[in-house]
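This is what each chain is made of:
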Amino acid sequence: MVKLASSAANLDLRAPIFTTLSKGIGGDWLQRIILVLVDYMLLSLAWHTTQTLCIPLDFPWKLNNLLLPIPIAHIGIMAARGLYNSNEEYCNYLSPIEALTLSHFFLLGINFSYQSHHFLPWSTFFWAWLLSILLSLVGRICVKFTTKKLRQQGTICNPIFIIGFPKDLEKATQLLVQENHYRIIGYLPIHTLGKHGMEKVIEEITVSGAAEVFVCSWHKIEQRMFLYWRLRNNGITLNILPLSLEEIVEEKTGAFLSLKSGVPFFKLSPPLIAGLDFRLKRCFDFCLAVLIILFLSPLYLAIALLIELDSPGPIFYQQTRVGLHGKHFNVWKFRTMVNHADKLQKELERFNEMKDGVLFKIQNDPRITKIGHILRRYSLDELPQVFNVICGEMSLVGPRPLPLRDIEKLSEAQLIRHEVLPGITGLWQISGRSEIKNFRDVLLLDISYIENWSLWLDLQILLKTIVAIAQKTGAY
């Protein structure tokens with residue numbers, strides 16, 4: 001396990017050592033399947049009883065005198081309403097009534113359009129609707145009662161860890177015990193989550209077999225992002241349990257909000273297969289980078305020729321940047337400045353437009369060549385970085401890698417951006433790029449990206465990057 005922890009330290013913060021199923025997913029899905037089967041049997045019974053005792057309906061989808069699709073239509077609408085989610089929405093008895101009423105109106109419309117010139121048996125629909133609601137509610141009450149009894153016996157309770165200050169642990173325990181949904185298998189004081197104790201804590205939680213972790217005083221943890229991603233990659237659900245109004249106000253996470261015994265908490269669930277999304281990201285990066293090179297190779301050659309004709313010097317500009325975990329690597333760009341532009345930068349530092357001086361940006365940089373202005377305006381100078389993506393040094397989307405000159409001015413807390421692969425584009429690029437004059441704003445965008453990362457977010461950033469380039473937003 002120590003070896004695995006060491007391996008994790010060399011990976012992207014979002015990268016798992018192994019892909020794994022989300023912990024506790026078996027019990028959740030078993031509960032959903034049982035509830036669907038109970039609903040299907042009871043809804044089928046309701047419709048077959050109505051068809052036998054009342055005037056039978058002639059549906060277009062009736063198969064061998066069986067009404068199999070009707071319960072399926074009901075269940076589909078109930079599922080869309082969230083009545084089979086694991087957040088115990090099935091215990092809400094008003095929602096099934098609303099969903100079944102909607103589905104019966106839907107079926108009524110289908111039947112009316114199919115036989116509009118025939119007598120429509122309204123009483124059949126009424127009794128089918130009433131019987132469906134009654135049987136569905138009875139079924140859900142039985143499922144809830146059985147689940148409660150099994151949880152009291154500890155049969156289907158999720159094993160959990162609680163992390164917090166000693167004064168909070170007792171209060172959190174009392175709160176969670178009331179739920180009859182959890183089996184507490186361990187406690188950890190919050191001070192163990194220091195910079196050098198994080199991996200040991202994750203190892204202890206993982207080995208214990210915990211499916212969920214409840215954290216009190218979340219805002220007091222310095223390495224919050226590390227804890228979240230380490231738990232997520234191990235398929236463990238993170239629950240943020242604020243025990244005071246102040247903590248609820250301070251908490252700004254986009255997590256799912258729910259209630260425990262009347263107390264709001266924030267739930268951060270891992271995907272069904274933890275780690276698969278990041279592996280798909282790397283595969284997507286590589287495949288798209290190869291396609292870009294193949295399809296844009298004529299453009300690469302044309303830009304290289306224009307640079308050669310425009311000014312003396314190499315076609316490519318190579319600069320040392322800081323990447324994952326602070327490792328240095330060479331970033332490739334098309335040269336947009338005069339030769340030896342780096343040596344001239346010290347003379348231009350006093351014109352730097354970035355307020356905190358961390359980054360170096362000036363709008364009318366005299367070092368930029370004629371063709372360089374065009375390349376920068378449309379971000380074409382960044383195209384060679386696709387080769388960095390293929391080599392695994394960068395991603396298509398991520399925080400921009402900074403030069404050594406900029407890194408020297410960062411504080412230790414700001415180095416969190418180096419825990420993920422740097423990217424060609426990111427939230428900074430689609431938010432105005434050069435129009436942002438404060439590195440603190442850049443850092444907030446980077447942290448927001450890391451905290452909320454998903455494949456969908458990457459795709460959105462790529463699409464918005466194309467729009468930003470076409471509109472020349474914030475580029476100079």
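In short, a report on the structure. (Residues numbered from 1 in each chain as written. Predicted model: local features only at pLDDT ≥ 70, side-chain atom pairs only at ≥ 80, totals over all residues. Heavy atoms only, no water.)

1. Things to note about a nonpolar patch on the surface
On the surface, Leu21, Trp29, Ile33, Leu37, Met41, Leu272, Ile273, Leu276, Leu280 and Leu455 cluster together into a nonpolar patch covering about 910 Å² of accessible area. Elements with a contribution of two residues or more to the nonpolar patch: α2 (25–53) and α10 (276–310). Examining the composition of the nonpolar patch, we find that four residues originate from one element, α2, more than from any other. Position of Ile33 relative to the elements: it lies in helix α2. (Patch = residues over 30% accessible without salt bridge, like charges linked within 9 Å, V, L, I, M, F, W, Y side chains within 5 Å. Areas by Shrake-Rupley, 256 points an atom, 1.4 Å probe, with all protein chains shown as cover. Salt bridge = Lys/Arg side-chain N within 4 Å of Asp/Glu carboxyl O. Helix = DSSP H or I, 4+ residues; strand = E, 2+ residues; numbered from the N terminus.)

2. Let's talk about the pairing of strand β9 (residues 316–322)
Of the pairings in the sheet, the one linking β9 to strand β10 (residues 328–334) comprises seven bridges and is antiparallel in character. Following the sheet pairing, Gln319 is matched in β10 by Val331. Judged from the two bridges that link them, β9 and strand β12 (residues 402–403) form a sheet pairing that is antiparallel. By the bridge assignment for β12, Arg321 is matched with Pro403. (Pairing = 2+ DSSP bridges.)

3. Topic: the packing of helix α7 (residues 198–208) against helix α8 (residues 224–233)
Two elements in contact, α7 and α8, have axes whose closest approach is 11 Å; the angle formed by their N-to-C orientations is 30°. What the angle tells us is that α7 and α8 run roughly parallel. The handedness of the crossing between α7 and α8 comes out as right-handed. Counted together, Met198, Glu199, Ile202 and Ile205 of α7 and Phe226, Leu227, Arg230 and Leu231 of α8 form the full contact between these two elements. (Axes fitted to C-alpha atoms, helices over the stretch in contact; angles between N-to-C directions. Parallel < 35°, antiparallel > 145°, perpendicular 65-115°, else oblique. Left-handed = near helix turned anticlockwise from the far one by under 90°. Contact = heavy atoms within 4.5 Å.)

4. Thoughts on the sheet that holds β12
One open sheet accounts for three strands, arranged β10-β9-β12; its pairing is antiparallel. Whereas interior strands pair on both sides, the edge strands pair on one side only; in this sheet they are β10 and β12.

5. Quick look at unusual backbone geometry
The backbone phi angle of Ser217 is positive, close to 55°, even though this residue is not glycine. Tracing the backbone through its elements, the reader meets Ser217 in the loop between β4 (212–215) and α8.

6. Some details on the packing of aromatic side chains
Summed over all chains, the structure comprises 10 aromatic pairs. Look at Tyr228 and Trp229: their rings are 5.1 Å apart centre to centre, the planes differ by 65°, and that puts the pair in the edge-to-face class. Here Tyr228 falls in the buried class, since its relative accessible area comes to 14%. Between Tyr300 and Phe387, the ring centres sit 6.3 Å apart and the planes meet at 80°, which makes this aromatic pair edge-to-face. Of the two residues, Tyr300 sits in helix α10 while Phe387 sits in helix α13 (residues 386–390), which places them 87 residues apart along the sequence. Assessed through its relative accessible area of 10%, Tyr300 is described here as buried. Phe387 gets classed as partly exposed once you look at its relative accessible area, which sits at 39%. Through a chain of ring-to-ring contacts, the aromatic side chains of Tyr300, Phe316, Trp332, Phe334 and Phe387 assemble into a single cluster. (Phe/Tyr/Trp six-rings, centres within 6.5 Å; stacked < 30°, edge-to-face > 60°. Buried < 20%, exposed > 50% of the residue type's maximum accessible area, 1.4 Å probe, protein only.)

By themselves these figures say nothing about function.
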